[in-house]
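Here are the chains, one letter per residue:
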Amino acid sequence: MGPYGSDSTTGSSSSEIHGGYPFRPADLCHVAPAAPSDSATFDPSDVSYWVDSMLNELSSASAPSIPNLSVPDNWPDQICPPVNPTPHCAAPQMIMAQQRKEEEDSGIRLVHLLMSCADAVQRGNTGLAASLVDEMRLLLSQVNTLSGIGKVAGYFADALFRRLYATETPLSASEYDVLFHHFYEACPYLKFAHFTANQAILEAFEGHDRVHVIDFSLMQGLQWPALIQALALRPGGPPFLRITGIGPPSPDGRDSLREVGFRLAELARSVRVRFAFRGVAANRLDDVQPWMLQVAKGEAVAINSVLQLHRLLSDPGSGTAPIDSVLEWVAGLRPKIVTVVEQEADHNKPSFLDRFTEALFYYSTMFDSLEGTTTSASSLPGGVQRQRQLAVAEVHLQREICNIVCCEGESRVERHEPLSHWKSRLSRAGLSPVQLGSNAFRQASMLLTLFSGEGYCVEETDGCLTLGWHSRPLISASAWRAPPVSEIECMNNNVSDDVVMPCKDNIGDSNNVSTVDDNVSFREENINNDDENNKLSCSGSGSGEWF
Amino acid sequence: MGAEQAQQQHESDEEIDNDNSHRGYNINNNIDILAEILTRLDGRSLSVASCVCRLWSSVCHRDSVWEALCNRHVAGGPGTRSVVVALGGYRRLYRLCLGPALDRLTVTGSAEPDRSGWAHLSLSLSLSLFSIDCYERLGGTKQRPASLLFLCKPVNVS
């Protein structure tokens, strides 16, 4: 094993070997240059104390008392991954117990190393951090990285490596699309999000004849076929449905928004729902202005945001963030419903170590849930495809981890905040909460029954639904609306007379746009199906790109 | 003696008559009756029936057979039929969504107090999943539609 890390299991806190340099933990803050962080009171010796208490807990099976870092209830389970049954069934108990002990030890050591490294990074001690990363990689090569804590630790160690050596490469939009699609198929979180949001939108649209859905992130448009079908079957007949999809511009000249719009229009045509689609290409959500959405008078507006709002946040305490201006115009549109789905985690804390710890727990649970699905999937027909789905879904999560750990400032977009923060933020913006009804809850429960993992749980708190794994909530869905006000609508975008009206007049109107923000590569495409002729017609903007 | 012989002759004549009529009647000559019978089967039996011969397979491909099966479990509203047909038909709906869903839901759930509400919910959920599958197929042949893989059941091939 070498001279590294062997002392940490003996539980001695008087002297430790960190990266090969023996010194007392109390001297650590003298060795490392003072970093401009606000955790000056953090005592590195507490990490070893925590590890020691973990070891004591495992050996005596008593309740742990964790000083600084909060540990979820299933933490001991995670660092004792289930030992794979050996081929020799007659293996004596001693060997299996020893194997398990070794795995536990390695798991604990890995976690210890991760924490120490994160602390070193926070203090700005890159030399120490680099040596710890090397140590972790050495340890990972000897540990089972295919499941359990080994896998998660591997991803986090890799993310720390990328942070130190600045090898982060941004993803293109189409790659992100693929990853997102596989994540959608591999686990129920996104399906839960879509179905719950659709149920809330459906209930809010009751009694309205013209409805407009604004999707903050269209992707492949997988949320909308279910809504189109549900609207087709609603008693009283389907309304006239408009969908405005916001998404990043495609680099290679293909208009992916338009393609998605075509497919949705085709589906709507087959179930005889009058439909119109509009695509708004923008790199960032705060580049979008309300006039681009062309909300018409008298139509019911629904705004749908699945895992998008957290990208608009900035460091806490840094004043106004892009989220504030976006929420302002969202409230200004006076929507009938705003569906917000966000990760249930606190990854926007100012201190790097806090963020790192939170992310470690969150993604451990997330990977756990994926593994729960893997084991039951491997025996199925189409099992190979399922395995691939899960593997790519893990890559998607890995990108998120890298963003949280490696990036700072503008480039860090995965700024997850818990539901309580979102509630207060949305209330401040002038929206009032809508209770997600029992229908949504029953549908979510039924959806989970269909998924083969046994550990998922849906909970309802205060009118919001959360989906979690073994009682740790991982994703939350809530609904909001603008409170009904009797005063005249004050937004300038939906009172003008030459606003887009359904069916035939769209072609001329698309050229009325005169002022364009330089940051937005903005192209309008109007796709609608004329129900009188019952054929699909597409009117492109024809005006090329605006810059 | 003569009466007995006459009776026996009569009985044997009857048997011959029955044999003749038995040989003359073949279910495969009356496809509509076959279809009527098949509408009363459950999903698994229907699938087995479609493996009997080419004729039976073609009858089992009729959507009306599967429509009857679906309606027996979960009855939809008036417009359901046109929507299901537009999205791909009852046979596909049952095979991909409703069948696996009903299997899983009846295994795990105990007797639901609100039977009609449960049926309605399972139908709407199945239709939603079905519409996603239809939408994926519209996207061309780049990828096999995979959003319903999670509903696949393990097949016992022992």
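Note that the structure is a prediction, hence the values are computed from the model and not measured.

Student: Describe the overall build of chain B, with residues and values.
Tutor: In terms of regular secondary structure, chain B is built from eight helices and zero strands. Relative to its 158 residues, chain B shows a buried fraction of 37%. Sequence separation of 24 or more characterises 61% of the internal contacts of chain B that already satisfy a separation of 6 or more. Looking at chain B as shown, the accessible area adds up to about 9400 Å², and 53% of this sits on carbon and sulfur atoms.

Student: Would you mind going over the layout of surface pockets in detail, with residue names and values included?
Tutor: Residue and element names in this part refer to chain A. The space that makes up the largest pocket amounts to roughly 1200 Å³. Leu171, Tyr176, Pro248, Asn283 and Arg311 are, among the 39 residues lining the largest pocket, the residues nearest its centre. At the level of secondary structure, the elements contributing two or more residues to the lining of the largest pocket comprise α7 (173–186), β4 (240–247), α10 (256–270) and α14 (383–406).

Student: If you had to explain the packing of helix α8 (residues 188–204) of chain A against helix α16 (residues 438–450) of chain A to someone new, which residues and values would you point to?
Tutor: Residues and elements named next belong to chain A. Contact pair α8 / α16: the axes reach a minimum separation of 10 Å and the direction vectors enclose 155°. Taken together, the axes of α8 and α16 lie roughly antiparallel to each other. Between α8 and α16 lies a crossing of right-handed hand. In this structure, α8 contributes Pro188, Lys191, Phe192, Phe195, Thr196, Gln199 and Glu203 to the contact, and α16 contributes Asn439, Ala440, Gln443, Ala444, Leu447 and Leu448. Tallied by class, the residues present in the contact of α8 with α16 amount to seven nonpolar, four polar and two charged.

Student: Kindly report on the packing of α7(A) against α8(A), identifying the contributing residues and their values.
Tutor: All names here are of chain A. α8 packs onto α7 with a crossing angle of 85° between their chain directions and a minimal axis gap of 5 Å. In terms of axis orientation, α7 runs roughly perpendicular to α8. Within the contact between the two elements, α7 uses Phe180, Phe183, Tyr184 and Glu185 and α8 uses Tyr189, Leu190, Lys191 and His194. Here the residues of the contact of α7 with α8 sort into five nonpolar, one polar and two charged.

Student: Just give me the short version of the confidence of the model for chain B, but keep the residues and values in it.
Tutor: Residues and elements named next belong to chain B. This prediction gives chain B a mean pLDDT of 78; 70% of its residues lie at or above 70. Long-range and interchain partners of residues 154–158, a stretch whose pLDDT sits below 50, account for four contacts in this model, where long-range means more than four residues apart. Here the predicted complex carries an ipTM of 0.78, next to a pTM of 0.73.

The rules we used
- Positions within a chain are numbered from 1, following the residues in the order the chain's sequence is written.
- Lettering for chains starts from A, numbering for ligands starts from 1, and both go in the order in which the items are written.
- Where totals are concerned, whole chains, interfaces and linings use all residues; where local detail is concerned, this predicted model gives features only for residues with pLDDT of at least 70, and gives and counts side-chain atom pairs only at 80 or more.
- In computing side-chain values, all of the structure's heavy atoms are included and hydrogens and water are not.
- Numbering of helices and strands runs from the N terminus, with a helix taken as a DSSP run of H or I at least four residues long and a strand as a DSSP run of E at least two residues long.
- Any residue under 20% of the maximum accessible area for its type is buried, any over 50% is exposed, and the rest in between are partly exposed; the area is computed with a 1.4 Å probe on protein chains only.
- Any two residues whose heavy atoms approach within 4.5 Å at even a single point are treated as in contact.
- Areas reported as accessible are Shrake-Rupley estimates using a 1.4 Å probe. Residue values count occlusion only from the protein chains shown.
- The rule is simple: put a 1 Å grid over the protein atoms alone, call a set of points where a 1.4 Å probe fits but cannot get out a cavity, call an open set with protein on both sides within 12 Å along at least five of seven lines a pocket, and count a residue as lining if it has an atom within 4 Å of a point.
- Grid points are joined across faces, edges and corners, and a volume is the space filled by probe spheres set on the points.
- Axis geometry follows a simple rule: fit a line to the C-alpha atoms, using only the stretch in contact for helices, then measure angles between N-to-C directions, giving values from 0 to 180 degrees.
- Relative orientations are named as follows: roughly parallel for angles under 35 degrees, roughly antiparallel for angles over 145 degrees, roughly perpendicular for angles from 65 to 115 degrees, and oblique for any other angle.
- For any pair of crossing helices, the crossing counts as left-handed if the nearer helix is rotated counterclockwise from the farther one by less than a right angle, and right-handed if it is rotated clockwise.
- Three classes are used: nonpolar for Ala, Val, Leu, Ile, Met, Phe, Trp, Tyr, Cys and Pro, charged for Asp, Glu, Lys and Arg, and polar for all others, with Gly counted as polar.
- For every residue, the predictor states its confidence as a pLDDT score lying anywhere from 0 to 100.

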